[in-house]
Amino acid sequence: MSLKARAQEKIERAGIANYSFDHDVLVMCGVRYEIHACACGEADCDGVQLHRAPYAGHGGGTLQ
């Protein structure tokens, strides 16, 4: 399964309906997130991390 498909599953499980994809960037509730693989090895990990895409004046953040 692709990272994009795993991210979409993660979002839908969370009950979020206001999202779209701009190429490989997730746009959720007006905020852009880069999609990255997670290799933490935790049993409940879905294998995907969302990193807030940086923009001028913002340092970014990570959602797991």
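It should be noted that the structure appears before, not after, this text.
Residues numbered from 1 in each chain as written. Predicted model: local features only at pLDDT ≥ 70, side-chain atom pairs only at ≥ 80, totals over all residues. Heavy atoms only, no water.

Draft legend 1. Structural detail: the overall build of the protein. Scanning the protein for helices and strands turns up 1 helix and 5 strands. Put simply, the protein runs from its N terminus to its C terminus through helices and strands in the order α-β-β-β-β-β. Considering the protein as a whole, with its 64 residues, one finds that 27% of them fall into the buried category. Considering only contacts within the protein whose residues lie at least 6 apart along the sequence, 23% involve residues at least 24 apart. A total of about 4,300 Å² of accessible surface is found on the protein, and carbon and sulfur atoms cover 50% of it. (Helix = DSSP H or I, 4+ residues; strand = E, 2+ residues; numbered from the N terminus. Buried < 20%, exposed > 50% of the residue type's maximum accessible area, 1.4 Å probe, protein only. Contact = heavy atoms within 4.5 Å. Areas by Shrake-Rupley, 256 points an atom, 1.4 Å probe, with all protein chains shown as cover.)

Draft legend 2. Representation of the pairing of strand β3 (residues 31–37). Pairing geometry for strand β2 (residues 25–28) and β3, over 4 bridges, is antiparallel. Within β3, the position partnered with Val25 by the bridge is Glu34. Adjacent in sequence and paired antiparallel, β2 and β3 are bridged by 2 residues, among which Cys29 carries a positive phi angle near 55 degrees. (Pairing = 2+ DSSP bridges.)

Draft legend 3. A look at the packing of aromatic side chains. Within this structure, the stated rule accounts for 1 aromatic pair. For the pair Tyr19 and Phe21, a centre-to-centre distance of 6.1 Å together with 85 degrees between the ring planes defines the contact as edge-to-face. (Phe/Tyr/Trp six-rings, centres within 6.5 Å; stacked < 30°, edge-to-face > 60°.)

Draft legend 4. Layout of the nonpolar core. Core analysis: the biggest nonpolar cluster contains 10 residues, these being Ala7, Ile11, Tyr19, Leu26, Met28, Val31, Tyr33, Ile35, Val48 and Leu50. At the level of elements, α1 (3–13), β2, β3 and β4 (48–52) are the ones that each hand at least two residues to this core. (Core = buried A, V, L, I, M, F, W, Y, C linked by side-chain atoms within 4.5 Å.)

Draft legend 5. Looking closely at the environment of Asp22. By the element assignment, Asp22 lies in strand β1 (residues 19–22). Owing to a relative accessible area of 32%, Asp22 belongs among the partly exposed residues under this scheme. Between the C-alpha atoms of Asp22 and Arg32, which are 10 residues apart in sequence, the distance is 8.8 Å. In this structure Asp22 touches Val27 and Arg32, once residues within four positions along its chain are discounted.

Draft legend 6. Looking closely at the pairing of β1. With 4 bridges connecting them, β1 and β2 associate as antiparallel partners. What sits directly across from Tyr19, in β2, is Met28.

Just distances and angles here, no functional claims.
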